[in-house]
Amino acid sequence: MASLTPVHFFSHGSTMMLGEESESADYWKKCGDEALARNIQGVIIMGAHWDALNDSIQLSTNPTPGKSPVAYVNPEKYINYTLTPDLPTTNRCITLLKNEGFNVTGNPTFDWIHDVYLILIRMFPSGCPPTTLISANARYDPHFHMKMGATLRPLRKENFLIIGTGGAVHNLYRNRWAPMLKFRDNFAMETPPEDWALEFRQAVEDVITKTSGVQLRRAMTRLMKHPRFRDAHATDDHFMAALFVAGAAGDEEDADAEGVLGAESWELTNMCNSQFTFGKWKEIAV
Ligand SMILES: [Fe+2]
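Cut-offs and rules
- Residue positions are given per chain, counted from 1 along the sequence in the order it is written.
- Local features in this predicted model are restricted to residues of pLDDT 70 or higher, and side-chain atom pairs are both shown and tallied only at a pLDDT of 80 or more, whereas totals for entire chains, interfaces and linings draw on every residue.
- Buried means a residue has 20 or more other C-beta atoms within 10 Å of its own C-beta, exposed means 12 or fewer, and partly exposed covers the counts in between; C-beta atoms are placed from the backbone.
- In DSSP terms, a helix is any run of H or I states spanning at least four residues, a strand is any run of E spanning at least two, and both are numbered starting from the N terminus.
- Any two strands are treated as partners once DSSP identifies two or more bridges connecting them.
- For helices, the fitted axis covers only the stretch in contact; all axes are lines through C-alpha atoms, and the angles between them, taken along N-to-C directions, range from 0 to 180 degrees.
- When an angle is under 35 degrees it counts as roughly parallel; over 145 it counts as roughly antiparallel; between 65 and 115 it counts as roughly perpendicular; any other value is oblique.
- A pair of residues counts as a contact when their C-beta atoms, built from backbone coordinates, are within 7 Å of each other.
- In the scheme used here, Gly and all other residues not listed as nonpolar or charged are polar, with Ala, Val, Leu, Ile, Met, Phe, Trp, Tyr, Cys and Pro taken as nonpolar and Asp, Glu, Lys and Arg as charged.
- Only buried Ala, Val, Leu, Ile, Met, Phe, Trp, Tyr and Cys residues enter a nonpolar core, and they are joined through C-beta atoms within 7 Å.

Within strand β5 (residues 131-137), seven of the seven residues are buried, which leaves it mostly tucked inside the rest of the structure. Examined bridge by bridge, strand β2 (residues 42-52) and β5 share six bridges and lie parallel to one another. Counterpart to Met 46 in the pairing with β5 is Ile 134.

Structure, rendered in structure tokens:
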């Protein structure tokens, strides 16, 4: 739907994606530039590293969040970047989610993590737009996260940019870490990726680029039953944002909205950082 603000599912990969140049980093910047050119109202983002317990979810209400430090990145790349929490929209989202039956509270002390600030810095290097940060839920129910996205979908009509940051193929136990640990080379690939990684990566691309609307929601939840899912995701945390995004971009009204693979970066041999966008911006006069 051209009239709705697009939605992104980004694979943030390792911490080194913050400091190293890549096609994915270029794509994130391009998406940020496009969003700023359309005067987005703000960003609403779910990451992979903040999961609330039991049946709860949380939104960050910390007015001055710090940043959890990261390894293998020069601190200059992030230490001075100011995060801009959007507390009015955060409170609005809490109300919207509460009205849909979610057990949701604000968290006034949460420090933001690289899954989120890596993307914000890469998309918006000259300044963070007003941002609402939402946790995932540690029970990792795909339908639950899809419903979270569906609940916040109407904010796209007000030009909020909804982003999920996780991973297409993201199994830290099966990555080949040696070149990064020894030589700071996260893109080294001494062998091709293994078949399970290639297969699941292809399944994710097929679902996102060949389905849309409610079919996208069904297909995305079904990916967690794919025979290679557990190889591609040793834990479910980096796939929840994909379900959140399917909720935000998979309404009946989104039936004509195209999903595109904008860029991709393999890291650590077996981690596939695919970057996807759902829907298109309206053309603007230049
Ligand atoms: Fe991560």
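From this point, the narrative continues.
The interhelical angle for the contact between helix α8 (residues 213-222) and helix α10 (residues 240-249), taken along N-to-C directions, is 170 degrees, at an axis separation of 9 Å. Here α8 is positioned roughly antiparallel relative to α10, judged by the angle of their axes. Judged by residue contacts, Leu 216, Arg 217, Met 220 and Thr 221 of α8 engage Ala 242, Leu 243, Ala 246, Gly 247 and Ala 249 from α10. Split into classes, the residues belonging to the contact of α8 with α10 amount to six nonpolar, two polar and one charged.

Grouped together as the largest cluster of nonpolar side chains are 76 residues, with contacts concentrated most on Ile 44 and Val 245. Examining the composition of this core, we find that nine residues originate from one element, α10, more than from any other. Once you skip the residues sitting within four places of it in the chain, Ile 44 turns out to touch Cys 93, Thr 132, Ile 134, Leu 152, Leu 155, Phe 160 and Ile 162.

A few words on helix α4 (residues 114-123). Across the ten residues of α4, ten count as buried, placing the element largely inside the fold. Considered for burial, the residues of α4 that qualify are His 114, Asp 115, Val 116, Tyr 117, Leu 118, Ile 119, Leu 120, Ile 121, Arg 122 and Met 123. Lining the buried residues of α4 we find β1 (7-11), α1 (16-19), α2 (23-37), β2, β5 and β6 (160-166).

Turning our attention to the environment of Ala 234. Locating Ala 234 in the fold gives a position in the loop between α9 (229-232) and α10. Residue contacts for Ala 234: discarding those within four places in its chain leaves Asn 171, Leu 172 and Tyr 173.

Looking now at the pairing of β1. Most of β1 sits out of view: five of its five residues are buried. The alternating pattern of β1 places Val 7, Phe 9 and Ser 11 and His 8 and Phe 10 on opposite faces, both of which are buried. Here β1 pairs with β6 via five bridges, running parallel. Residue pairing in the sheet places His 8 in a bridge with Ile 163 of β6. Sheet topology note: the β1/strand β8 (residues 271-278) ladder contains four bridges and is antiparallel. Following the sheet pairing, Phe 9 is matched in β8 by Phe 276.

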